[in-house]
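Close look at the chain arrangement
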Amino acid sequence: MRHPFHILDVFTTRPFAGNPLAVVLNADDLATDEMQAIAREFNLSETIFVQGPDDASNSAKVRIFFPNGEIPFAGHPTVGCAVLLASSREDFREGSIEIRLEERAGLVPVRVSRRGGLTEAMFTAPIVPREVAAPIDIDDVARMIGVDPADIGFDGHRPRLHRAGPRCLHVPVRSRDVLARARPVEPVWSDVMRRIETDQGYLYTRGGDAATTAFRARMFAPTAMTPEDPATGSATAMLAQQLLTSERLAE
């Protein structure tokens, strides 16, 4: 069977920006090890394989792979795949449509909207994020990103581990200067990540380039062969739980 594929740029309006994604279609006949080999060959942060749905009322079943392993849910593959599937439908030119993806973590409905040539998508996470108890030492966290312990945390925010399919360590830092200087430092990065059983570190601080931006963030996953992810949907979705725990959210 032939397996057509598309390379997409997600979370951007410009070519060669945002977060690249490989989408492989007609993947029903591919074995897990073949999918992994293909994902490794693309060598992008994620590759998504599209199969026929188990439930005919859904749009597709999908499987998502890092270059070195499968993950049950990821945001930018979900968004990119849904936009591609919506765009291929003859009945979708303007307005909105729901694409329903069966992922390993559960069913993910995605509302794809197109108005004036701009296409957007919003998904409902398959699992409500929750905090996971983990041995997180501030000094270790500081050393793993090359900053001082005093640079970690602000107000009621401190590092916490969350899970919503994949796991992610959310690390608040005190300023944009600290965020810009941070980078994974080995072997401490791998030691900490191995101890808390994740490979994703999501750093954030208050503010942004726009007046309406509440936070600015960076996501590192070098042990998943992604030195830095330009944007990440699953870690951002899990940030909602971190914010709920750390401060009183506006109603």
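Bear in mind that the values here come from a model prediction, so they are computed numbers and not experimental data.

Attention shifts here to the overall build of the chain. When helices and strands are tallied, the chain shows six helices and 14 strands. Computed over C-alpha atoms, the radius of gyration of the chain comes to 19 Å, within 12% of the 18 Å expected from 2.2 N^0.38 for 251 residues, which places it in the range of a compact globule. With respect to the three principal axes, the spread of C-alpha positions in the chain is 55 × 40 × 30 Å. For the chain, with 251 residues in total, the buried portion stands at 48%. Carbon and sulfur atoms provide 51% of the accessible area of the chain, an area that totals close to 12,300 Å². Across the chain, 28 positive and 34 negative side-chain charges occur, with their mean positions spaced 3 Å apart.

Another point: the side chain of His 162. Structurally, His 162 can be placed in strand E10 (residues 160-163). Within polar-contact distance, the side chain of His 162 engages the side chain of His 170 at 3.1 Å. Residues in contact with His 162, not counting those within four places in the same chain, are Arg 130, Glu 131, Val 132, Arg 167, Cys 168, His 170, Met 238, Gln 241 and Gln 242.

A few words on the pairing of strand E4 (residues 60-66). A large share of E4 lies buried, amounting to six of its seven residues. Bridge analysis of E4 against strand E5 (residues 69-71) gives three bridges, and the strand direction is antiparallel. Bridge pairing links Phe 65 to Glu 70 in E5. A loop of two residues connects E4 with E5, the two strands running antiparallel in sequence.

Our focus in this paragraph is the nonpolar core. One finds Val 23, Val 50, Leu 101 and Val 112 to be the most contacted residues of the largest nonpolar core, which totals 42 residues. In terms of residue count, the dominant contributor to this core is helix H2 (residues 75-87) (six residues). Discounting chain neighbours no more than four positions away, the residues touching Val 112 are Ala 82, Val 83, Ala 86, Phe 92, Gly 95, Ser 96, Ile 97, Ile 99, Thr 119, Glu 120 and Ala 121.

A word on H2. With 13 residues, H2 extends 18 Å between its outermost C-alpha atoms, agreeing within 8% with the 18 Å of an ideal straight helix rising 1.5 Å per residue. Residues of H2 that are buried: Gly 75, His 76, Pro 77, Thr 78, Val 79, Gly 80, Cys 81, Ala 82, Leu 84, Leu 85 and Ala 86.

Glancing now at empty space enclosed by the protein. With a probe scaled to a water molecule rolled over the atoms, the places where space remains empty come into view. Enumeration according to the criterion identifies two cavities of 30 Å³ or more in this entry. Taken as a whole, the largest cavity encloses approximately 50 Å³ of empty space. In terms of lining residues, the largest cavity is bounded by Ser 45, Glu 46, Phe 66, Gln 200, Met 219, Ala 221, Thr 226, Asp 229 and Thr 232. The set of elements that each furnish at least two residues to the lining of the largest cavity consists of strand E13 (215-221) and strand E14 (226-229). When grouped by side-chain class, the residues that make up the lining of the largest cavity number three nonpolar, four polar and two charged. Its boundaries defined by the atoms lining it, the second largest cavity holds a volume of some 30 Å³. At the level of secondary structure, the elements contributing two or more residues to the lining of the second largest cavity comprise H2 and helix H6 (233-246).

Below, the discussion takes up the sheet that holds strand E9 (residues 130-132). Taken in spatial order, the six strands of this open sheet run E9-E10-E11-E12-E13-E14, and their pairing is mixed. The two strands at the open ends of the sheet, each matched to only one other strand, are E9 and E14. Going across the sheet, the axis of each strand differs from the next one's by a mean of 30°, ignoring polarity. As paired strands, E9 and E10 are joined by three bridges and run antiparallel to one another. Paired with Arg 130 across the strands is Arg 163, a residue of E10. Contacting E10, strand E11 (167-172), strand E12 (201-206) and E13, helix H5 (residues 188-196) crosses the sheet at an angle of about 125° to E11.

What counts, and where the lines are drawn
Residues numbered from 1 in each chain as written. Predicted model: local features only at pLDDT ≥ 70, side-chain atom pairs only at ≥ 80, totals over all residues. Heavy atoms only, no water. Helix = DSSP H or I, 4+ residues; strand = E, 2+ residues; numbered from the N terminus. Rg over C-alpha atoms; globule rule 2.2 N^0.38 Å. Buried < 20%, exposed > 50% of the residue type's maximum accessible area, 1.4 Å probe, protein only. Areas by Shrake-Rupley, 256 points an atom, 1.4 Å probe, with all protein chains shown as cover. Lys, Arg positive; Asp, Glu negative; His and termini not counted. Charge placed at Lys NZ, Arg CZ, Asp CG, Glu CD. Polar contact = N/O pair within 3.5 Å; in protein donor to acceptor, adjacent residues only side chain to side chain. Contact = heavy atoms within 4.5 Å. Pairing = 2+ DSSP bridges. Core = buried A, V, L, I, M, F, W, Y, C linked by side-chain atoms within 4.5 Å. Expected span 1.5 Å × (residues − 1). 1 Å grid on protein atoms, 1.4 Å probe; cavity = no way out; pocket = protein on both sides within 12 Å on 5 of 7 lines; lining within 4 Å. Points joined across faces, edges and corners; volume = space filled by probe spheres on them. Nonpolar A, V, L, I, M, F, W, Y, C, P; charged D, E, K, R; others polar. Axes fitted to C-alpha atoms, helices over the stretch in contact; angles between N-to-C directions.

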